[in-house]
Amino acid sequence: MTEAILLVGGKGTRLRPLTVHTPKPMVPAAGVPFPTHQLARARAAGVEHIVLATSYLAEVFEPHFGDGSALGLRIEHVTEEEPLGTGGAIRNAASRLHSGPDEPVLVFNGDILTGLDIRALVRTHETSGADVSLHLTQVTDPRAYGLVPTDGTGRVLAFLEKPQTPEEIVTDQINAGAYVFRRSVIDTIPSGRVVSVERETFPGLLAAGAHLQGMVDSTYWLDLGTPAAFVRGSADLVLGKAPSPAVPGRCGDRLVLPTARVAPDAKLAGGTVVGEGAFVAEGARVFGSTILPGAVIEPGAVVTDSLIGTRARVGERAVLTGTVIGDGAVVGAHNELREGVRVWCDARIPAGAVRFSSDR
């Protein structure tokens, strides 16, 4: 059996206003809170026991996931009184593990959508005899990431900060946010204080001569930390580009949850999700977007690559592209909102107040 720790303590500041009332991992992606997809994939890989390491708005996780029996898992919940960083969160959750000192423990981040072959990562860990094994992925432009060069056998050579010059880009491999730890290694992480596994634990282990193994798996990988990435990830789950056994319906161009209503002549495409109790009115067109529960898209509105919050309303013939509308907000008729606009929770934009074209 492989045990796992799922890190779901982040505040999601880059996703605000979506995370004002909801912790980042609980924002629905393809119709269900995002950890549902991760938990289902872990279960499919043979994981039976998972510890949820929570912090921000921790009280919402246990009522939703409970003991995990509905997902065929045993789930325990551990809360940090104060944020402890990634390494501190792993150490804090370790008291609930049952693995022996040399047994593998899977650790994964609650904001990464990936097609990682979890079984292959565990096999790599066991056959290499590593202390820690890391999922690495290859990116076209690694400047925004820490680099992880490896030798010909996959053994990690260094952890390099974000490169500033072309000469510093020695590899296209980056840390993809999933690890397998030897159980005893977790116990060496200091307890009760903030620890970054990326900046402190891994470099420290490497300096001490520990064996850190990298496994490159360049299947689907996406960090859902920004609104644009979150909307894209949800759409990719619906379209079947990102694998998950937890999508509540068949993969296709759209996903309409059971109590949602969509007018017969409304057009939905590009992996759009319409949440429970939401309504898309006649003549509306919604592409590659997420409409959260209870939201309303009024007649003739056009919504593209956007996320519409719970109980929010998009007015008649409004045009939204690449925007985030917070819970309960109202965008009046005939407004035009473009890429990067974030409308805060419960805000109200009067009809025709924001435009990028003439009134004609």
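Below or above, wherever it landed, is the structure these notes cover. Here the structure is a predicted model, which is why all the values come from computation and not from measurement.

Rules and cut-offs
- Each chain has its residues counted from 1, running along the sequence as written.
- Per-residue local features of the predicted model are confined to residues with pLDDT of at least 70, and side-chain atom pairs are confined, for both listing and counting, to 80 or more; whole-chain, interface and lining totals are unaffected and use all residues.
- The basis for every side-chain value is the complete set of heavy atoms in the structure, and neither hydrogens nor water enter the calculation.
- Think of a salt bridge as a Lys or Arg side-chain nitrogen and an Asp or Glu carboxyl oxygen that are within 4 Å of each other.
- Pairing between strands requires that DSSP locate at least two bridges from one strand to the other.
- Each helix is a run of H or I in the DSSP string that is no shorter than four residues. Each strand is a run of E no shorter than two, and both are numbered from the N terminus.
- To get an axis, a line is fitted to the C-alpha atoms, and for a helix only the part in contact is used. The angle between two axes follows their N-to-C directions and goes from 0 to 180 degrees.
- Contacts are residue-level and defined by heavy atoms, with any inter-residue pair within 4.5 Å sufficient.
- Here the aromatic set is Phe, Tyr and Trp, taking the six-membered ring for Trp, and pairing holds for ring centres within 6.5 Å; pairs whose planes are under 30 degrees apart are stacked, those over 60 apart are edge-to-face, and all others are tilted.
- The classification of residues rests on relative accessible area computed with a 1.4 Å probe and restricted to protein chains. Under 20% of the type maximum is buried, over 50% is exposed, and intermediate values are partly exposed.
- Placement of a positive charge over a ring is assigned whenever Lys NZ or Arg CZ falls within 6 Å of the ring centre and within 35 degrees of the normal to the ring plane.
- We define the nonpolar core as a collection of buried residues of types Ala, Val, Leu, Ile, Met, Phe, Trp, Tyr and Cys that are connected through side-chain atoms lying within 4.5 Å of one another.

**Things to note about the pattern of salt bridges**
Argument step 1. Counted according to the given criterion, the structure contains 10 salt bridges.
Argument step 2. Taken together, the salt bridges that share partners define one network made up of Asp102, Asp131 and Arg182.

**Some words on the sheet that holds strand 9 (residues 173–182)**
Argument step 1. Pairing is mixed in the open sheet, where 7 strands are placed in the order 5-4-1-6-9-8-10. The open sheet terminates on both sides in strands that have one partner only, identified here as strand 5 (74–79) and strand 10 (212–216). Ignoring strand direction, the axes of neighbouring strands in this sheet form an average angle of 25 degrees.
Argument step 2. The sheet contacts of helix 3 (residues 85–93) involve strand 1 (2–8), strand 4 (47–54), strand 5, strand 6 (104–109) and strand 9, and relative to strand 1 the element is tilted by about 135 degrees.

**A short note on the packing of aromatic side chains**
Argument step 1. Here the structure, examined in full by the defined rule, presents 5 aromatic pairs.
Argument step 2. Here the aromatic rings of phenylalanine 159 and phenylalanine 202 are separated by 5.7 Å at their centres, their planes lie at 20 degrees, and the arrangement is stacked. Here phenylalanine 159 is found in the loop between strand 8 (132–138) and strand 9, whereas its partner phenylalanine 202 is found in helix 6 (residues 197–207), with 43 residues between them in sequence.
Argument step 3. Note on phenylalanine 202: relative accessible area 0%, which makes it buried.
Argument step 4. Among the aromatic side chains, those forming a connected cluster through ring pairs are Phe159, Tyr179, Phe181 and Phe202.
Argument step 5. Here the basic side chain of arginine 261 rests over the ring of phenylalanine 279, its NZ or CZ set 4.4 Å away from the ring centre.

**Points about the sheet that holds strand 15 (residues 272–274)**
Argument step 1. On the basis of which strands lie adjacent, the open sheet formed by 6 strands has the order 12-15-18-21-24-27 and parallel pairing. The open sheet has two free edges, formed respectively by strand 12 (254–256) and strand 27 (342–343), since each of these has just one partner strand.
Argument step 2. Bridging between strand 18 (residues 290–291) and strand 21 (residues 307–308) involves 2 bridges; their strand directions are parallel. Paired with threonine 290 across the strands is leucine 307, a residue of strand 21.
Argument step 3. Here helix 7 (residues 227–239) sits on the sheet and contacts strand 12, strand 15, strand 18, strand 21, strand 24 (324–325) and strand 27; the angle it forms with strand 15, its principal contact strand, is near 90 degrees.

**Concerning the environment of isoleucine 189**
Argument step 1. If you trace the backbone, isoleucine 189 turns up in the loop between helix 5 (183–186) and helix 6.
Argument step 2. Along the primary structure isoleucine 189 and tyrosine 179 are separated by 10 residues, whereas in three dimensions their C-alpha atoms are 15 Å apart.
Argument step 3. The contacts of isoleucine 189, once residues within four sequence positions are left out, are Gly87, Ile90, Arg91, Val195 and Thr201.

**So, the side chain of serine 55**
Argument step 1. For serine 55, the position within the fold is in the loop between strand 4 and helix 2 (61–65).
Argument step 2. When sequence neighbours within four positions are dropped, the list of residues in contact with serine 55 reads Gly9, Thr79, Glu80 and Pro83.

**Regarding the side chain of aspartate 131**
Argument step 1. With respect to the element layout, aspartate 131 can be found in the loop between helix 4 (118–128) and strand 8.
Argument step 2. Apart from residues lying up to four places away in sequence, aspartate 131 is in contact with His125, Val180, Phe181, Arg182, Val185, Ala210 and His211.

**Topic: the nonpolar core**
In a soluble, globular protein the nonpolar side chains are often hidden away together inside.
Argument step 1. Of all hydrophobic cores here, the largest spans 28 residues; its most connected members are Ile5, Ile90, Val132, Phe181 and Phe202.
Argument step 2. Put simply, the parts of the chain that give this core at least two residues each are strand 1, strand 4, helix 3, strand 6, strand 8, strand 9, helix 5 and helix 6.
Argument step 3. Ile291, Ala318, Leu320 and Ala329 belong to the second largest nonpolar core, which has 25 residues in total.

**Considerations on the environment of glycine 270**
Argument step 1. Among the secondary structure elements, glycine 270 is positioned in the loop between strand 14 (267–269) and strand 15.
Argument step 2. For the pair glycine 270 and histidine 64, spaced 206 residues apart in the sequence, the C-alpha separation amounts to 29 Å.
Argument step 3. Every residue in contact with glycine 270, bar those within four places of it in the chain, is listed here: Ala235, Leu239, Asp253 and Gly288.

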